[in-house]
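The chain contents come next:
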Amino acid sequence: MELIVKPTEICNFACTFCSSPHLSKEKGKILDIDKIFQFLKRFPQTNTLIINGGDPLMVRPNYYWRILEHIEANNLITKISFTTNLWDFYLHPEKWTALFQHERVGVTTSFNYGETRRVSKSKNFTEDLFWKVSDKFSNLIGYRPDFISVVNDQNESTALDNVLLAKKMNVECKLNYAMASGRESRPYQLSKIYQIYLEIIKNKLTPWEFNTKELIKGINKRTTICPRNRTCDSGIRCIQPSGDYYSCGAFGDDHEHSIDFDQEMNDTNISTPLSDNFELSSLKMECFGCPMFEICNGCHKTISDLKRFNMVESHCQLMKQLEKEICLLGNDFNLFKVKEMDNVGKHNSFN
């Protein structure tokens, strides 16, 4: 089991693509830590607590030290993986250094080119600033963090630039397509992100982008990695700051398909609200006979988004153009003979 913990929706950035400013009226609410302890008692084999936000560094470090103390006091296998912009670490490293050096803690950060990622409404989070944050983290914690980039219609032209930056930094980035939550008026079309993954392969940048590697390794196979996991709701949970409980962080942002927390904590059964929902099983009936089924229908949230915004046919049209090229990936093993880099992907929350 994996648990996505959103302790707060407060963030110290002002990114234009971010959903957090539009998700809750209770902006200052902090998740009751006892909810996490209850979950770990119910699911003691939880592998990872994936901490995101908002930005998780808007909560005091003691909150996370208490979680670590609980994990160790109960002999759990659980590790903690932060996804954070690291800005508060950059400004106040003394608050976070010991926590981030802990053997159970890993950190992933985030970066986008262009004007979408902002320290404030008037100040962009530039590559120069990102290098400064990354350098400080590397010097104090001992490794350079991998990073996530969110691709949308406004910044798609710079998608490969993020991967080139990861190569320069000798880390791994993860290009995620924007979903339709909060501020996103429409999702990024799924087939367009696969077009970008193919460009990454053609440009021999595969070692530095997580989703492209997963595409090659898992082509025509069922994978457990988000967002290509049709059975995700049997192994992933998400708790929002209000204590609302979901099987998907993105649906949690939409306040859709919730699970009764108290019931599941006291029940031997596991709820699967997404897998059990016929409307979320496929984009259209024809998908079940298509070789691209697992790719196009791997994420229930994406199915919901593309249907809601009437993007199914435009997605399908482009995916059919990419189909042959994608299917050939599984047979061309030379594409994946890449140098293994010891410091890539070890501390991230990608999987």
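Structure: above.
Residues numbered from 1 in each chain as written. Predicted model: local features only at pLDDT ≥ 70, side-chain atom pairs only at ≥ 80, totals over all residues. Heavy atoms only, no water.

Which parts of the structure should I look at to understand the packing of aromatic side chains?
Aromatic rings considered in pairs are described by the distance between their centres and by the relative angle of their planes. One pass over the full model with this rule turns up 24 aromatic pairs. Seen in terms of ring centroids, F111 and F130 are 4.7 Å apart; in terms of plane orientation they differ by 10°. Their pairing is stacked. A residue pair is termed long-range when its members are at least 10 positions apart, and F111 in the loop between β4 (105–110) and β5 (118–120) and F130 in helix α5 (residues 127–141) qualify at 19 residues. An aromatic cluster is present here, built from F13, W87, Y90, F111, Y113, F125, F130 and F147 joined pairwise through their rings. The ring of Y90 is capped by K136, whose NZ or CZ atom sits 4.7 Å from the centre of that ring. (Phe/Tyr/Trp six-rings, centres within 6.5 Å; stacked < 30°, edge-to-face > 60°. Helix = DSSP H or I, 4+ residues; strand = E, 2+ residues; numbered from the N terminus. Lys NZ or Arg CZ within 6 Å of the ring centre and 35° of its normal.)

Whenever I open this one, a nonpolar patch on the surface confuses me. Can you help?
A cluster of nonpolar side chains, namely F278, M285 and F288, defines an oily patch on the protein surface of about 360 Å² accessible area. Mapped onto the fold, F278 is located in the loop between α10 (261–265) and α11 (293–296). (Patch = residues over 30% accessible without salt bridge, like charges linked within 9 Å, V, L, I, M, F, W, Y side chains within 5 Å. Areas by Shrake-Rupley, 256 points an atom, 1.4 Å probe, with all protein chains shown as cover. Salt bridge = Lys/Arg side-chain N within 4 Å of Asp/Glu carboxyl O.)

For this particular structure, what's the right way to read the pairing of strand β3 (residues 79–83)?
Successive side chains on a regular strand alternate, one facing one side of the sheet and the next facing the other. Along β3, four of the five residues are buried, which leaves the element largely enclosed by surrounding structure. Of the pairings in the sheet, the one linking strand β2 (residues 48–51) to β3 comprises four bridges and is parallel in character. Bridge pairing in β3 links I50 to S81. In this region the chain leaves β2, passes through helix α2 (residues 61–73) and returns to the parallel neighbour β3; the handedness of that crossover is right-handed. Taken together, the four bridges between β3 and β4 define a ladder with parallel strand orientation. By the bridge assignment, T83 is partnered in β4 with T108. (Buried < 20%, exposed > 50% of the residue type's maximum accessible area, 1.4 Å probe, protein only. Pairing = 2+ DSSP bridges. Right-handed = clockwise from strand over helix to strand, strands pointing away.)

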